[in-house]
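Here are the chains, one letter per residue:
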Amino acid sequence: MMPDEKKFKIVVFGAFGAGKTTLIKTLDPQSSHVEAGCLGGTTTVALDFGRVLGEGNHIHIFGTPGQERFEFAREVIGRGMDGAILLVDATSPVDDFIRHLYDSLTSAGIPFVLFLNKCDCIGARPEVVKKEFSTANITRVSALDRKELLEALWAFTRSLPPHRNGQAHQ
Ligand SMILES: Nc1nc2c(ncn2[C@@H]2O[C@H](COP(=O)(O)OP(=O)(O)O)[C@@H](O)[C@H]2O)c(=O)[nH]1
Ligand SMILES: [Mg+2]
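Cut-off values and rules
- Residues numbered from 1 in each chain as written.
- Chains lettered and ligands numbered in written order.
- Predicted model: local features only at pLDDT ≥ 70, side-chain atom pairs only at ≥ 80, totals over all residues.
- Heavy atoms only, no water.
- Helix = DSSP H or I, 4+ residues; strand = E, 2+ residues; numbered from the N terminus.
- Rg over C-alpha atoms; globule rule 2.2 N^0.38 Å.
- Contact = heavy atoms within 4.5 Å.
- Areas by Shrake-Rupley, 256 points an atom, 1.4 Å probe, with all protein chains shown as cover.
- Lys, Arg positive; Asp, Glu negative; His and termini not counted.
- Charge placed at Lys NZ, Arg CZ, Asp CG, Glu CD.
- Expected span 1.5 Å × (residues − 1).
- Buried < 20%, exposed > 50% of the residue type's maximum accessible area, 1.4 Å probe, protein only.
- Polar contact = N/O pair within 3.5 Å; in protein donor to acceptor, adjacent residues only side chain to side chain.
- Near = heavy atom within 4 Å.
- Nonpolar A, V, L, I, M, F, W, Y, C, P; charged D, E, K, R; others polar.
- Pairing = 2+ DSSP bridges.
- Right-handed = clockwise from strand over helix to strand, strands pointing away.
- Salt bridge = Lys/Arg side-chain N within 4 Å of Asp/Glu carboxyl O.
- Axes fitted to C-alpha atoms, helices over the stretch in contact; angles between N-to-C directions.
- Parallel < 35°, antiparallel > 145°, perpendicular 65-115°, else oblique.

1. Remarks on the overall build of the protein
Part 1: Across its full length, the protein holds five helices and seven strands.
Part 2: Along its sequence from the N terminus, the protein presents helices and strands in the succession β-α-β-β-β-α-β-α-β-α-β-α.
Part 3: Taking 15 Å as the expected radius of gyration for a compact globule of 170 residues, we find that the protein reaches 15 Å, a close match to that expectation.
Part 4: Taking the principal axes of its C-alpha atoms as reference, the protein extends roughly 45 × 40 × 30 Å.
Part 5: When contacts within the protein are restricted to residue pairs at least 6 apart in sequence, long-range pairs at least 24 apart make up 69% of them.
Part 6: Accessible area for the protein stands at about 9,100 Å²; split by element, carbon and sulfur atoms hold 55% of it.
Part 7: A distance of 2 Å separates the average location of the 19 positive side-chain charges in the protein from that of its 20 negative side-chain charges.

Dropping the structure here:
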């Protein structure tokens, strides 16, 4: 890492199927995707980690599990984050879980951007989601479109104070 490079920890939140793994894979084709099976159950908890370099920034990007009951895992992964991406599938209606994630980030004072995903899909209704979160910083994306994602990511990180070891949000 170059001495004048800025470092950021960014965590992606969103429901199961919103496109978190796809987004991290598109941003970093070498990203890691780990799935852990739950004892005695059929569910898997997925974790993603990738790195993105550019514009003098060094971004560490983490995905969180999208199932409601993994609140604790989200809390642990989110520790020390500089900013967050709330990824919302624009082809599905907004539900209570998405509202919960939105409210949690807002009340914790975490700077975040709402990415409206799957805008390349027929049936995407970004304007409907936008109405629900009229106060948020919102960008339309497709997790399959690297150029679009990078532009949105740089725009967001430009608005963030850089990460300082040991002094980030807890
Ligand atoms: N067309 C389209 N499909 C997407 C997009 N983002 C994710 N998907 C698809 O949606 C499904 C769920 O995505 P995934 O990344 O696994 O969601 P996660 O559960 O949030 O990690 C996969 O089949 C992806 O290929 C997108 O922007 N456009
Ligand atoms: Mg996933």
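2. Remarks on helix 5 (residues 146-158)
Part 1: A rise of 1.5 Å per residue sets the reference length of helix 5, with its 13 residues, at 18 Å; its end C-alpha atoms lie 18 Å apart and thus fit the reference within 8%.
Part 2: By the burial criterion, the buried members of helix 5 are L149, L150, A152, L153, W154, F156 and T157.
Part 3: If you check the start of helix 5, you find a side-chain oxygen 3.2 Å away from the backbone N of K147, and it comes from D145.

3. Some thoughts on the site of ligand 1
Part 1: Neighbouring ligand 1 are 15 residues; G17, K20, T22, D120 and A143 lie closest to it.
Part 2: At 3.2 Å, a backbone N or O of A18 approaches an oxygen atom of ligand 1.
Part 3: Computed on the free molecule, ligand 1 has an accessible area of 570 Å², of which 69% lies beneath the protein chains in the complex.
Part 4: The element contributing the most residues to the shell around ligand 1 is helix 1 (residues 20-27), with three residues.
Part 5: Across the shell around ligand 1, the residue classes break down as six nonpolar, six polar and three charged.

4. Brief notes about the pairing of strand 5 (residues 83-89)
Part 1: For strand 5, the buried fraction is high: seven of the seven residues fall into the buried class.
Part 2: In strand 5, alternate side chains face the same way, and those of G83, I85, L87 and D89 on one face and A84, L86 and V88 on the other are all buried.
Part 3: With four bridges joining them, strand 1 (residues 6-13) and strand 5 adopt parallel strand pairing. Residue V11 lies in a different strand from strand 5, and its bridge partner there is A84.
Part 4: Where strand 5 lies against strand 6 (residues 112-117), six bridges are found, and the strand directions are parallel. In the sheet register, V88 faces strand 6, and the bridge partner there is L116.
Part 5: As for the winding sense of the linkage, the β-α-β connection from strand 5 through helix 3 (residues 96-108) to strand 6 is right-handed.

5. Brief notes about the pattern of salt bridges
Part 1: All told, the structure shown has eight salt bridges when counted by the stated rule.
Part 2: Taking the shortest distance from any N to any O, the salt bridge between R74 and E71 comes out at 3.0 Å. Note that R74 and E71 are positioned in helix 2 (residues 71-78) at a spacing of three residues, about one turn of the helix.
Part 3: What makes R74 buried here is its relative accessible area of 3%.
Part 4: Among the residues examined, E71 registers a relative accessible area of 34% and is labelled partly exposed.
Part 5: Its salt-bridge partner being E151, residue K147 comes within 3.5 Å of it at the nearest N-O pair. Taken together, the residues span about one helical turn, with K147 and E151 both in helix 5 at a distance of four residues.

6. Topic: the packing of helix 1 against helix 5
Part 1: Interaxial distance between helix 1 and helix 5 falls to 9 Å at its minimum, and their mutual angle equals 90°. Classed by the angle they form, the pair helix 1 and helix 5 counts as roughly perpendicular. Residues L23, T26 and L27 of helix 1 touch helix 5, and the partners they reach there are R146, L149, L150 and L153.
Part 2: The residue inventory of the contact of helix 1 with helix 5, partitioned by class, reads five nonpolar, one polar and one charged.

Remember, this is a structural readout, not a statement about activity or role.
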